[in-house]
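Here is what each chain is made of, one letter per residue.
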Amino acid sequence: MKFIAKLFPEITIKSRPVRRRLIQRLQTNLQILLQRVDERVKVSGHWDKVEISFPGQDIELSARLVDEMQRVPGIQSIVEVQEYPLEDFDQVFQLTRDAYAERLRGKTFKVRVRRSGDHDFTSVELERYVGGGLRQHTDAAGVDVRNPEVWVDLEVRNETLFVVTAIHQGLGGYPLGTQEDVLSLISGGFDSVVASYMTMRRGSKTHFLFFNLGGYAHEIGVKQVALYLWKRYGASARVKFITVPFEEVVGEILQSVHHSHMGVVLKRMMMRAADRVADRMELNAIVTGESVAQVSSQTLPNLRLIDESCEHLVLRPLVTMDKPDIIEISRQIGAFDFASAMPEYCGVISDKPTTHAKRDRIEREEAEFDFDTLDRALEQAEMISIDEIVENRDINAEIEAMTRVEPNQTLVDIRPPREQERKPLNMPGCDIRIIPFYKLESEFPNLETEREYLLYCDKGVMSQMHAQHLREQGHNNVKVYRPATH
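Residues numbered from 1 in each chain as written. Predicted model: local features only at pLDDT ≥ 70, side-chain atom pairs only at ≥ 80, totals over all residues. Heavy atoms only, no water.

1. Side note on the overall build of the protein
Right, on to step 1. Tallying secondary structure elements over the protein gives 17 helices and 19 strands in all.
Right, on to step 2. Scaling as 2.2 N^0.38, a compact globule of 486 residues should have a C-alpha radius of gyration of about 23 Å, whereas the protein reaches 29 Å, well beyond that.
Right, on to step 3. By its C-alpha atoms, the protein is 90 × 50 × 40 Å across when sized along the principal axes.
Right, on to step 4. Expressed as a percentage of the 486 residues in the protein, the buried residues total 54%. (Helix = DSSP H or I, 4+ residues; strand = E, 2+ residues; numbered from the N terminus. Rg over C-alpha atoms; globule rule 2.2 N^0.38 Å. Buried < 20%, exposed > 50% of the residue type's maximum accessible area, 1.4 Å probe, protein only.)

Here is the structure:
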């Protein structure tokens, strides 16, 4: 069995040295990935394609190889071929009929020949001969040169005939590793996941930087989606996953910054942290999933102020994309289920946010911020190789949700203080403790162990994740509170 990987068209217009480098990298990436599937696979690079071959006609193995190649950046299409020594026109017709007879039954068709080398015939002459034979000796509906239902593809290269039996769509883009490495800020939501995928597809080894605002369970969820992306679209290169604990930073923002500017200040703190991580890793660019005007912090004035907080180039692959299109891409790449279950924690500190922040106002707000908290967060950052992540299949295990609070139970409101003030819980007779989520880990161990505690937040996502994290720390007296909807 043989496959021909056709190059992404932009590769073919590069200068000779650049094109050669891109093809060599694509060949290496394919060799690494496909030999993990079957060590007998051979990959060879040529000026206009990469050829992949393996002995025998194993249909199951063929399908696995196609699936792998369809996720390798740099390939426009994968052509599945059968290879024969070229003899004469009748031999070409017989082999083509054997390969296409069933597919042509009741369908219109057109023969298409691509030819290279010196021959005593033209491509058109061979097309006419084979087309005439197929029309007479198969159950095809006839020839349609304008809009055929089936294309019959043949390639003649010098003294070799290739009968094309299938064409599979490739991923496009540039071979992974041919562009400079980047650092992608990933929250696990649709935007950051798709942005990370797009830089991988464009040829950049994409390292992942996660700011943990939601506890250990959230971190595991984001690690899972990062691992999925890497396995599917970037496994020919090793990258890093960096976690920065940001709960204390968020707590400092909640206490020091006016609520209207919290979102912009949080993004600026993230960019400052990303700047330092990128410096440490000697990376040139930071990637975010921001799109113009999608949320308040992503207006042009706010994005400008956010960018001013860091020195690295900031790439925004989704900058003009609509949310439905981003979600559709997440479906196409198989990440929708991950992203749809992932909360966007930046939203928890937004309340009547400004869409047109001013530099002098931002500077005044940040003057009240204790930057030691940012330094401590970076000191506690953890970096691991992406392949060290162990898939946690229990991450979606639900903590029991209660719809009412019993006498022996205490309700713990983990919402940010401003949310608590704006919508206080009105539950007469209920024992309520107020512990914002960023203080939960430090204060929960001090609570009475003989009582049971129900965590509460508006959407029920943060409470579920924090409850799971507390359970993992050995606190079995924690559940979540989710009021019954009427």
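2. Considering the packing of helix α6 (residues 190–201) against helix α11 (residues 323–332)
Between two packed helices, what matters for the description is the angle formed by their axes and the separation of those axes.
Right, on to step 1. Viewed as axis vectors pointing N to C, α6 and α11 meet at an angle of 65 degrees, and their least axial separation amounts to 9 Å. Along this stretch, α6 crosses α11, giving a crossing that reads as left-handed. The residues of α11 that touch α6, namely those facing Phe190, Asp191, Val194 and Tyr197, are Lys323, Ile326, Ile327, Ile329 and Ser330.
Right, on to step 2. When its residues are assigned to classes, the contact of α6 with α11 shows six nonpolar, one polar and two charged. (Axes fitted to C-alpha atoms, helices over the stretch in contact; angles between N-to-C directions. Left-handed = near helix turned anticlockwise from the far one by under 90°. Contact = heavy atoms within 4.5 Å. Nonpolar A, V, L, I, M, F, W, Y, C, P; charged D, E, K, R; others polar.)

3. Some points on the nonpolar core
Right, on to step 1. Among the nonpolar cores identified, the biggest contains 63 residues, and Phe3, Leu30, Ile52, Leu65, Met69, Phe208 and Ile386 are the most heavily contacted of them.
Right, on to step 2. No other element matches helix α7 (residues 215–233), which puts eight residues into this core.
Right, on to step 3. When residues of this core are sorted by domain, at least three fall in each of domain 1 (2–169) and domain 2 (182–388).
Right, on to step 4. What methionine 69 contacts, discounting residues up to four positions off in sequence, is Phe3, Leu30, Leu34, Ile52, Ile75 and Ile78.
Right, on to step 5. Formed by 55 residues, the second largest nonpolar core is a distinct cluster that contains Leu213, Val249, Leu305 and Cys457. (Core = buried A, V, L, I, M, F, W, Y, C linked by side-chain atoms within 4.5 Å. Domains from an automatic or database assignment.)

4. Here's the deal with the sheet that holds strand β7 (residues 150–157)
Think of a sheet as strands paired side by side through backbone hydrogen bonds, with each pair either parallel or antiparallel.
Right, on to step 1. Read from one edge to the other, the open sheet built from eight strands follows the order β2-β3-β1-β4-β8-β7-β5-β6, with strand pairing classed as mixed. Both outer strands of the open sheet, β2 (42–45) and β6 (142–143), are each paired with one neighbouring strand and no more.
Right, on to step 2. Taken together, the eight bridges between strand β5 (residues 108–116) and β7 define a ladder with parallel strand orientation. Its bridge partner being in β7, serine 116 is matched across the sheet by arginine 157.
Right, on to step 3. Against the sheet, helix α5 (residues 123–137) touches β5, β6 and β7, its axis set at about 150 degrees to β5. (Pairing = 2+ DSSP bridges.)

5. Notes on the environment of glutamate 180
Right, on to step 1. Examined against the element boundaries, glutamate 180 turns out to sit in strand β9 (residues 179–185).
Right, on to step 2. Residues glutamate 180 and arginine 316, 136 residues apart in the sequence, show an inter-C-alpha distance of 16 Å.

6. What to know about the UniProt feature "domain: THUMP" (unreviewed entry) in the protein
Right, on to step 1. Under the local residue numbering, the UniProt record ascribes the feature "domain: THUMP" (unreviewed entry) to residues 63–167.
Right, on to step 2. A helix fraction of 36% and a strand fraction of 36% characterise residues 63–167, whose end C-alpha atoms lie 12 Å from each other. (UniProt positions renumbered as here; feature names shortened; annotations may be inferred.)

7. Notes on the pairing of strand β19 (residues 478–481)
Right, on to step 1. Where strand β15 (residues 401–402) meets β19, two bridges bridge the pair, whose relative direction is parallel. Along β19, the bridge assignment pairs methionine 402 with tyrosine 481.
Right, on to step 2. Both strand β18 (residues 452–456) and β19 contribute to a ladder of three bridges, which runs parallel. Following the sheet pairing, tyrosine 453 is matched in β19 by valine 478.

8. Section: the packing of aromatic side chains
Right, on to step 1. Scanning the model with the defined rule gives 12 aromatic pairs in all.
Right, on to step 2. Plain terms: the ring middles of phenylalanine 8 and tyrosine 174 are 5.7 Å apart, the flat faces sit at 85 degrees to each other, and that makes the pair edge-to-face. Remark: tyrosine 174 occurs in the loop between β8 (160–172) and β9 and phenylalanine 8 occurs in the loop between β1 (2–7) and α1 (9–12); sequence separation between them is 166 residues.
Right, on to step 3. For phenylalanine 8, a relative accessible area of 9% translates into the label buried.
Right, on to step 4. With a relative accessible area of 5%, tyrosine 174 lands in the buried category. (Phe/Tyr/Trp six-rings, centres within 6.5 Å; stacked < 30°, edge-to-face > 60°.)

9. Observations concerning α11
Right, on to step 1. Looking at α11, one finds that the buried residues are Ile326, Ile329 and Ser330. Taken down its axis, α11 places every buried residue within 105 degrees of arc, on the same side. Every exposed residue of α11 that faces more than 90 degrees away from the buried side is listed here: Pro324 and Gln332.
Right, on to step 2. Against the buried residues of α11 lie α6 and α12 (336–340). (Arc of directions from axis to C-beta.)

10. Description of the pairing of β9
Right, on to step 1. Pairing of β9 with strand β10 (residues 204–212) involves five bridges; the strand directions are parallel. For valine 182, the partnering residue across the bridge sits in β10 and is threonine 206.
Right, on to step 2. One crossover worth recording links β9 to the parallel β10 by way of α6, and it is right-handed.
Right, on to step 3. Where β9 meets strand β12 (residues 285–287), three bridges bridge the pair, whose relative direction is parallel. Counted as the bridge partner of leucine 183 is isoleucine 286 from β12. (Right-handed = clockwise from strand over helix to strand, strands pointing away.)

11. Concerning the sheet that holds β18
Right, on to step 1. Reading across the sheet, the five strands line up as β15-β19-β18-β16-β17 and stay open at both edges, with parallel pairing between neighbours. Strands at the two margins of the open sheet, each flanked by one partner only, are β15 and β17 (432–434).
Right, on to step 2. Of the pairings in the sheet, the one linking strand β16 (residues 409–413) to β17 comprises three bridges and is parallel in character. Directly across from aspartate 413, in β17, lies its bridge partner isoleucine 434.

12. Remarks on the environment of isoleucine 432
Right, on to step 1. Tracing the backbone through its elements, the reader meets isoleucine 432 in strand β17.
Right, on to step 2. Residue isoleucine 432 is classed as partly exposed on the basis of its relative accessible area of 29%.
Right, on to step 3. The spatial distance from the C-alpha of isoleucine 432 to the C-alpha of threonine 410 is 5.7 Å, given a sequence separation of 22 residues.
Right, on to step 4. When sequence neighbours within four positions are dropped, the list of residues in contact with isoleucine 432 reads Leu411, Leu425 and Met427.

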